[in-house]
Structure formats: C-alpha cells, structure tokens
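What the coordinates show
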Amino acid sequence: MPPRYLNFRCSVPWLILLLQTLFLIHAFFGFPAVDDTYSPSSFYPEFQDVNHMVIFGFGFFLMVLRRYGFSSTGFNFLLIVLGVQCSVLVEDLLVFLRVQRNEIGMRSLAKAVMSMTAVVISTGAVLGKANPVQLIVMTLVELIIFYVSRCINRTFLQVPEHLTLLHVHLFGAYFGLAVTSRFPEPPPGLDKHRSSPKSDLFSMLGTVFVWVFWPSFSSILAGSKREAVLNTYLALAVSAVAAFLLSALTSKDGKFRMAHIHSAVLAGGVTISHTAHSIQHPWIAMILGLLGSVITILGSHCLQRCFHPALKLQDTSGVHFTFGLPAVLGAVAAVVLCVLERGIETQWDNLSSLGYLVFFDIGAFCQTISTALITGLITG
C-alpha cells in the first residue's frame, strides 16, 4: 500500500473515533433530556427542509471540480454529522458557563444544523486543496469561533439570538477565503482543478435544491415567519430572473452561462437573510434580490480577474461573490432599513439614539468579518 494511504488510514479513522468518543461522553453525562418542545406538526417540517438544504443541496452544490465529486458529497456529509454534534457540545458548554440561556429540544438541534452552513461555505473555498484531517480540524475550529462571535454580538452588541445565526454566510465566506489564502497555488493547467459538463450539471442540481429550501432556512427561527418566507421567496425569484438576464447581457456570444446562474440565483436569499423577517413591503425584498444578483455577477468578473490574482486567492467554488459580497450587501441594507424605520417612527427627533443603534449594527457586522478573517488566517 502506498505511504499516503497508510497515513490516511492511521490518521483519519482515529481522529474520527476520538471525536465521536468525546461526543458520546458528552451525551452520556451532559446531554439534556428530551422535553415537550418537540412539535412535529409545526417545527419538524422546517427542520427537515434545512437538513435537506445543508446535506443534499450544499453537497451537490460543491460538485464543481471534475475530480472531486465523491469527495464533495462524502466529505460534506461527514463534516456535517460531526459538526452538528460538536455544535451541541459547544452550546451546552456556553449554557454551563452561563453565557447563554438553555434551549433544549428541536430548536437547539436546528441551530446546530444552521451553524454548519458556515463550515459548508468555507469548505467550498478550499475544495480540492485540503485533506480530510485538515477539513475536520477546520470544522471544529470554525464552529467554536463562530459561536464565540455570536456570543460577542449577542452579549456586547445587543443582536437578537436568532439574528446572530444569520451571519453564517458572512462568516463562512470570509473564514474560507482567509484559510484558502494560506494554501499554495496549484500548478498551472492542473487537470483536477477543472470542471466538466457532468460536474456542472450536478452542481446546478444542488443549487436548485438550496434555492427551493432557502425560505425555510430564513424563517425557521424567525418570529414573523409569514413575512420571512414571503420576502425570501420574492428576493430569490427576482435574483434568479436577474441572473439569466445579466448572464445573457455579459456573455460575449449572448448566451446563458451556467457559472453565472450557479452563483447568482442564490444571491437574493443571502442578501435578504438578515432582514427578511422585518421587511413590510415586498418590493423592498425584490429590489434587494435584484441588487444581490447584480453584485454577484459583476463581482465574478472583477474579482476573479483583478483582486483574486493580486491577493493570491484560489476561490474554488466562488464563495466570495456567491455568499460573501451578497452578505456584505445585506449588512449594508440592514443598517439602511434600520435607520429609515427608526427614523420614521421617531419623526427624526432622537438622532443620538438612532446613531447609537446604527453603531451597534455596524459593529456586529464588522466584528463578524474581522473575526472570520483573523481566525481563518490562523487556521490556514
């Protein structure tokens, strides 16, 4: 047997066994008993939608490279089942330290699955570069840091609990970009770093599944579910239409490019994720979906040609302009909408209080990006 396979057999199984033993010990001594918060008729369908989106949708979404089809789906599934258990352990540790209140039942499990979205997005940036051991270590570190970032936003910057989870796109994209910047550049013309029509087809299938289940992701923990579902769907629909339109306009031959559609159809969901529950006028959600699609396609042109070579970023799945840029746009939109809403409510009288709220909103997003970049560089 070649040495690299012996090394794989001596490292990966034992690391997985060690982690699973730790999770079993936690479940035996510290896992809370199941209570009556489980409500199959109301909560479980949404949880299943999010589960399908993270496991099946993102698993196929990452099938971009022709040589990494099985790795994309297989490693994604392995990281999720390990990461969800790690998330539950970290959350129980925070409850034990009295950093946050205890939420047992299906709600806690849903938060763990949603937290794994950050890891899945980061995995897309290092696809084809990291081995399984590196991916597992990256998953554990990123989950812990993401929970710390959420605690800072919730405790010091007064961000509501369910909104701290919706920073997953912002955190996952920039954490993954920081990690991939520390990997060496692949040799030019390397065959395994290319796509094929078959891999593009499966990746587009994953995009469609993520698109279908995204409204459940945005609304599962929201207080006003009706507004969250309606606004998210409208933003996704407009971003999908704009993706086809802009793809035809920006292509040299005037045809649709699936690379554009693959990334831009999800931009509306990323852009509106932080404000979907609070938007009262559907046309605002539609405009945000349009702007998200525009910034994704224009970013794919400018960033890949100008900034990525200068910064030596090998963004394999394009997570920067698929998730990062729309998330930044959503952060700016959240601040603008907050200013307009509070300003209209107070007749623009109490500007000092309004500036105080804006300061906390901007601070939460800046803290999330800064923590993701710094810890991503260290992890890489």
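Please read these numbers as outputs of a predicted model, since none were measured by experiment.

1. Some thoughts on the pattern of salt bridges
In total, this model carries five salt bridges according to the counting rule given. Across the pair Lys 111 and Glu 91 runs a salt bridge, and its minimum N-O distance is 2.9 Å. Remark: Glu 91 occurs in helix α3 (residues 69-96) and Lys 111 occurs in helix α4 (residues 106-125); sequence separation between them is 20 residues. Owing to a relative accessible area of 2%, Glu 91 belongs among the buried residues under this scheme. Between Glu 161 and Lys 111 there is a salt bridge, with its nearest N and O atoms 3.0 Å apart. You can see Glu 161 sitting in helix α6 (residues 161-165) and its partner Lys 111 sitting in helix α4, a full 50 residues away along the chain. Where salt bridges share partners, they join Glu 91, Lys 111, Arg 150, Arg 154 and Glu 161 into one cluster.

2. Focus on α3
Taking 1.5 Å as the rise per residue, α3 with 28 residues should run 40 Å; its terminal C-alpha atoms sit 40 Å apart, in good agreement. Just downstream of α3 lies Arg 98, where phi reads positive at about 60°.

3. Brief notes about the nonpolar core
Counting 89 residues, the largest nonpolar core has Met 114, Trp 214, Phe 217, Ile 220 and Phe 323 as the members making the most contacts within it. With eleven residues, the single largest contributor to this core is α4. If sequence neighbours within four positions are ignored, Phe 323 has contacts with Phe 58, Phe 61, Ile 121, His 169, Ala 173, Trp 214 and Val 270. With ten residues, the next largest nonpolar core counts Ala 222, Ile 272, Ala 276 and Leu 288 among its residues.

4. Let's talk about the packing of aromatic side chains
We describe a pair of aromatic rings using the distance from one ring centre to the other and the angle between the two ring planes. This structure, assessed with the given rule, holds 14 aromatic pairs. Ring geometry for Phe 60 against Phe 202: centres 5.8 Å apart, planes inclined by 25°, an arrangement best described as stacked. Here the residue Phe 60 occupies a position in helix α2 (residues 44-61), and Phe 202 occupies one in helix α8 (residues 197-219), the gap between them amounting to 142 residues. Residue classification places Phe 60 among the buried residues on the basis of a relative accessible area of 17%.

5. Observations regarding a nonpolar patch on the surface
Taken together, the side chains of Leu 93, Phe 96, Leu 97 and Val 99 define a hydrophobic patch exposed on the protein surface, amounting to about 410 Å² of accessible area. By secondary structure assignment, the location of Phe 96 is in helix α3. A relative accessible area of 67% means that Phe 96 is categorised as exposed.

6. So, the packing of α8 against helix α9 (residues 225-250)
Packing of α8 against α9 brings their axes to within 8 Å, and their N-to-C directions diverge by 145°. As for how α8 packs across α9, the hand of that crossing is right-handed. For the pair α8 and α9, the contacting residues are Trp 211, Trp 214, Pro 215, Ser 218 and Ser 219 in the first and Lys 225, Ala 228, Val 229, Thr 232, Tyr 233, Leu 236, Ala 237 and Ala 240 in the second. Its residues placed into classes, the contact of α8 with α9 shows nine nonpolar, three polar and one charged.

7. Thoughts on the side chain of Ser 115
For Ser 115, the location among the structural elements is in helix α4. Look at Ser 115 and you get buried, because its relative accessible area is 1%. A distance of 2.8 Å separates a polar side-chain atom of Ser 115 from the backbone oxygen of Lys 111. Look past the residues within four positions of Ser 115 in its chain and what remains in contact with it is Ser 87, Leu 143, Phe 146, Tyr 147, Arg 150, Leu 165 and Val 168.

8. A look at the packing of α2 against α3
It is at 8 Å that the axes of α2 and α3 come closest, and there the two elements cross at 150°. Taken together, the axis directions place α2 and α3 in an arrangement best described as roughly antiparallel. Along this stretch, α2 crosses α3, giving a crossing that reads as right-handed. Residues Val 54, Ile 55, Phe 58, Gly 59 and Phe 60 of α2 touch α3, and the partners they reach there are Ser 72, Thr 73, Asn 76, Phe 77 and Ile 80.

9. Some details on the side chain of Thr 207
The residue Thr 207 is located in helix α8 in this model. Engagement of the side chain of Thr 207 in a polar contact is seen with the side chain of His 262, the distance being 3.5 Å. When sequence neighbours within four positions are dropped, the list of residues in contact with Thr 207 reads Phe 61, His 262, Val 265 and Leu 266.

Rules used in this analysis
- Residues numbered from 1 in each chain as written.
- Predicted model: local features only at pLDDT ≥ 70, side-chain atom pairs only at ≥ 80, totals over all residues.
- Heavy atoms only, no water.
- Salt bridge = Lys/Arg side-chain N within 4 Å of Asp/Glu carboxyl O.
- Helix = DSSP H or I, 4+ residues; strand = E, 2+ residues; numbered from the N terminus.
- Buried < 20%, exposed > 50% of the residue type's maximum accessible area, 1.4 Å probe, protein only.
- Expected span 1.5 Å × (residues − 1).
- Core = buried A, V, L, I, M, F, W, Y, C linked by side-chain atoms within 4.5 Å.
- Contact = heavy atoms within 4.5 Å.
- Phe/Tyr/Trp six-rings, centres within 6.5 Å; stacked < 30°, edge-to-face > 60°.
- Patch = residues over 30% accessible without salt bridge, like charges linked within 9 Å, V, L, I, M, F, W, Y side chains within 5 Å.
- Areas by Shrake-Rupley, 256 points an atom, 1.4 Å probe, with all protein chains shown as cover.
- Axes fitted to C-alpha atoms, helices over the stretch in contact; angles between N-to-C directions.
- Left-handed = near helix turned anticlockwise from the far one by under 90°.
- Nonpolar A, V, L, I, M, F, W, Y, C, P; charged D, E, K, R; others polar.
- Polar contact = N/O pair within 3.5 Å; in protein donor to acceptor, adjacent residues only side chain to side chain.
- Parallel < 35°, antiparallel > 145°, perpendicular 65-115°, else oblique.

Note that all results are geometric; they support no functional claim without further evidence.
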